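# Descriptive structure summary
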Amino acid sequence: MKHRILQIALDTPLDFCFDYRWSASAESAEPPLPGQLVVVPFGRREAVGVVIAVETQSEVPANKLKDVLALRAQLPPLSPQWLALCRFAADYYQRPLGEVAIPGLPKNLRAIKTVSLDRALKKIAKDAAMHDPAPRAMPPLNAAQQQAADAIAAAQGFAPMLLYGVTGSGKTEVYLQAAAQILARAEADGTAAQVLILVPEINLTPQLENNIRTRFPGVELATLHSGLAEGERLAQWLSVHLGRARIILGTRLAILASLPHLKLIIIDEEHDPSYKQQEGLRYSARDLAVWRAHQLAIPIVLGSATPSLESWQHAQSGRYRKLELRERAVRDAVLPRVRLINMERDKPAEGLTSTLVTALKQRLDRGEQSLLFLNRRGYSPVIACDACGWISNCTRCTAFMVLHKPEQRLRCHHCGCEQRIPRSCPTCGNVDLQPLGRGTQRVEEGLQQVFPQARIMRIDADSTRRKGSAQAAFDAVHRGEIDILIGTQMVAKGHDFRNLTLVGVLNPDTALFSHDYRASERLFAQLMQVAGRAGRAAQKEGGNPSEVWIQTRYPQHPLYAAVMAHDYDSFALGLLEERQHAGLPPFIYQALLRAESKELQTALDFLQEASRAIAYPAITINDPIPMSLTRVANVERAQLLVESASRPALQAFLREWMVALRGMKARVKWSLEVDPVDI
DNA sequence: AGCACGCCGACT
DNA sequence: GTCGGCGTGCTC
């Protein structure tokens, strides 16, 4: 048979594959294989697609069928397992297969013109040669670490494990030694093995990459994240796809990579919200990773000091095996003492209570470092006129314009629009406009007044806009050139500041009363994480223990009691009980239909119609409501929550629902999110 | 989503 | 007279 029909997945919103004719030619007599890339004519343009199936017939009328233009034969086919992963993700998140499979491929492979893989391959070889072996032994583990590493390495088949360890307990060492054991065993057996390590944000954990390189001399390491340049991305992706890279360090997008010899998956800080993609295909890299481990029958490690309630629940029920690290890895490094400052009694000036100022002063006198955490960038979240009540609303969004003092501008954090700070009130002319509230810039300014001699640095998205500037800033802290660091959640993650003995948390209370039921879970994780920055080195003989001070107006709140006791267990138990009573995840499953339009009513009407589109048992369809941030960039947004106690029932409903919605010819832009995290 | 076609308003 | 606004329809 000289002719075949190829079913091709293309990156379009159309939810089906396209059939193309393939004819044997001089250079390729054999038909293509599923998983190969092809160039095809598509409408009036050309597109790169993935071969899904090779058939002998098509249901498409012969006069509509077009010929495949080119086969990317130089690239080994993507594996059936990879195609199955894409198919699962497409099904589960209700997106077309091509939209899952294609955008994750390097741009150079998706380009119409042929690329030279040779150049990329030479680059890989050169990079590998650059890191010559300078062999270093693994540091000794404590008993709990060793037990965990051995358990991971000894696991057979699909083995999901929750590595629950306090901050600074040395989870990374456990990952690396388990990986070393698995790689060594494969080498002894003469088989190929790859270990995938996912991290929330690669730029915030630069030590890890160096750590792996020195620990695994001669072992090829690939990194996959969105910060790579195109040529680099192709080289890294190829080294993984061709099975050369043995350790793959990546962010969430790495879970969709071709990993032909995958034998172990590790997800560091598994609770971190960054594992959820928040646009396009809204996947959870953690959930896909668990599916992938199940598919390949391999172990997967979910590591955290404050696991997601989903994973914790699985560990409690026995579905995941729980491995625990209860102590800090560095001997004599103890957990910091966490205390509260009642802001009703100790009134803050410049955002700082006298207790915190005294603690900062002590650190300055002793030559130790301090970290202040405030999850709000800018100078003040809003400016207002005392005389007439005007406030700096964004004209395009239901949000305030934030004052950015260094640039002398008001800026909307949602639509990005900016303006100069008005000299006087736009409505009444009053020249005395007041900044209300406090962001990192304002705290930095206040600190400079209180401690004029101190070396103060601010780290947030604004201060680190230029590439590499975040790294430079963190390096300065590590070199001891900074006394007081003030920052947003950027400073809470991963960094191991050895001379840091004080953490101050300035204004965490807003999350206590959020409408988002996950806010307290996130706040707890954030507080534990930032508290964990203190006291990572061994405590000096007779020295003072590290301290964490939390400024709050609600010192009686149970969340703070749990943070003070470093007691995730009972905090999680309480939250899970609440969630069960309230019928919330992880006890039920959700999907969210969003609609946007110039007119709010149009969006709500569409959702109302959608809610009546089909009837289905065991499904709760709630009323459409405007989103909490209703208008962004002059677009009104509304949403409709769908719930079920059964995941299969929800999946079956969504499949039928999507068919009905696509047939509705909506006048709005709509999208579906499965397992939403921000409601 | 792209990318075309198509039918009406205001510019050199 | 043309340039260009975005409604509508198609992609094997």
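Nothing here was measured: the structure is a model prediction, and the numbers come from that model. (Residues numbered from 1 in each chain as written. Chains lettered and ligands numbered in written order. Predicted model: local features only at pLDDT ≥ 70, side-chain atom pairs only at ≥ 80, totals over all residues. Heavy atoms only, no water.)

### Quick look at the protein's contact with DNA strand B
For clarity, the threshold we go by: The criterion for a residue being near a molecule or strand is simple. One of its heavy atoms has to lie within 4 Å of it.
Pro 13, Arg 44 and Arg 45 make up every residue found near DNA strand B. Here DNA strand B approaches the protein such that, of its atoms within 4 Å, sugar and phosphate make up 54%.

### Things to note about helix α14 (residues 519-531)
The condition that has to hold: Only runs of H or I of at least four residues qualify as helices and only runs of E of at least two qualify as strands under DSSP, and these elements are numbered from the N terminus. Expected helix span is given by 1.5 Å per residue-to-residue step, counting one fewer step than there are residues. For every residue, the accessible area obtained with a 1.4 Å probe (protein chains only) is divided by the maximum for its type, and the residue is called buried under 20%, exposed over 50%, and partly exposed between those limits.
The terminal C-alpha atoms of α14 lie 18 Å apart, and with 13 residues this matches the ideal 18 Å at 1.5 Å per residue to within 8%. The element α14 is largely enclosed, with a buried count of 12 among its 13 residues.

### Remarks on the environment of Gly 218
Its place among the elements puts Gly 218 in the loop between α7 (206-215) and β9 (221-224). On the accessibility criterion, Gly 218 (63% relative accessible area) is exposed. Each C-alpha atom of the pair Gly 218 and Ala 134 lies 8.9 Å from the other, and the pair is 84 residues apart in sequence.

### Points about unusual backbone geometry
Between Pro 585 and Pro 586 the backbone carries a cis peptide bond, its omega angle lying at 5°. By the element assignment, Pro 586 lies in the loop between α16 (568-582) and β25 (589-597). Here Glu 269, not a glycine, exhibits a phi torsion of approximately 50°, which is positive. Its place among the elements puts Glu 269 in the loop between β11 (262-267) and α9 (285-296).

### Considerations on the UniProt feature "binding site: Zn(2+) 1" (unreviewed entry) in chain A
Rule in force here: UniProt positions are given in the numbering used here, feature names are shortened, and annotations may be inferred rather than shown by experiment. Contact definition: two residues touch when any of their heavy atoms are within 4.5 Å.
Feature annotation in UniProt assigns "binding site: Zn(2+) 1" (unreviewed entry) to the following positions: Cys 385, Cys 388, Cys 425 and Cys 428. These residues run over 44 residues, yet every pair of their C-alpha atoms falls within 8.6 Å of each other. Position of Cys 388 among the secondary structure elements: in the loop between β16 (382-385) and β17 (402-404). Looking at where Cys 425 falls in the secondary structure, it is placed in the loop between β19 (418-420) and β20 (433-436). Note on Cys 425: relative accessible area 3%, which makes it buried. When neighbours within four sequence positions are excluded, Cys 425 is seen to be in contact with Cys 385, Cys 388, Trp 390, Asn 430 and Leu 433.

### With respect to the environment of Leu 607
If you trace the backbone, Leu 607 turns up in helix α17 (residues 600-611). On the basis of relative accessibility, which here comes to 0%, the residue Leu 607 falls in the buried class. Taking the C-alpha atoms as reference, Leu 607 lies 36 Å from Ala 461; in sequence the two are 146 residues apart. Once you skip the residues sitting within four places of it in the chain, Leu 607 turns out to touch Leu 593, Arg 594, Ala 595, Pro 624, Ala 638, Gln 639 and Leu 640.

### Observations concerning the packing of helix α5 (residues 143-154) against helix α6 (residues 171-189)
Basically, it comes down to this: Helix axes are fitted only over the stretch in contact, all axes being lines through C-alpha atoms; the angle between N-to-C directions runs from 0 to 180 degrees. For any helix crossing, the convention is left-handed if the near helix is rotated counterclockwise from the far helix by under a right angle, and right-handed if that rotation is clockwise. As a working rule, the residues Ala, Val, Leu, Ile, Met, Phe, Trp, Tyr, Cys and Pro are called nonpolar, Asp, Glu, Lys and Arg charged, and the rest polar, with Gly in that last group.
Here α5 crosses α6 at 40°, and the two axes come no closer than 8 Å. Considering the relative orientation of α5 and α6, their crossing is right-handed. Two secondary-structure elements touch here, α5 through Gln 145, Gln 146, Ala 148, Ala 149, Asp 150, Ile 152, Ala 153 and Ala 154 and α6 through Glu 173, Val 174, Gln 177, Ala 178, Gln 181, Ile 182 and Arg 185. For the contact of α5 with α6, a count of residues per class yields eight nonpolar, four polar and three charged.

### Here we look at the sheet that holds β19
To keep it simple, the criterion reads: Any two strands with at least two DSSP bridges between them are considered paired.
Ordered in space as β17-β18-β19, the three strands form an open sheet in which the pairing is antiparallel. The open sheet has two edge strands, β17 and β19, and neither has a second partner. When strand polarity is set aside, the average angle formed by the axes of neighbouring strands in this sheet is 30°. Summarising the sheet, strand β18 (residues 409-411) and β19 pair through three bridges and their orientation is antiparallel. Counterpart to Leu 410 in the pairing with β19 is Gln 419.

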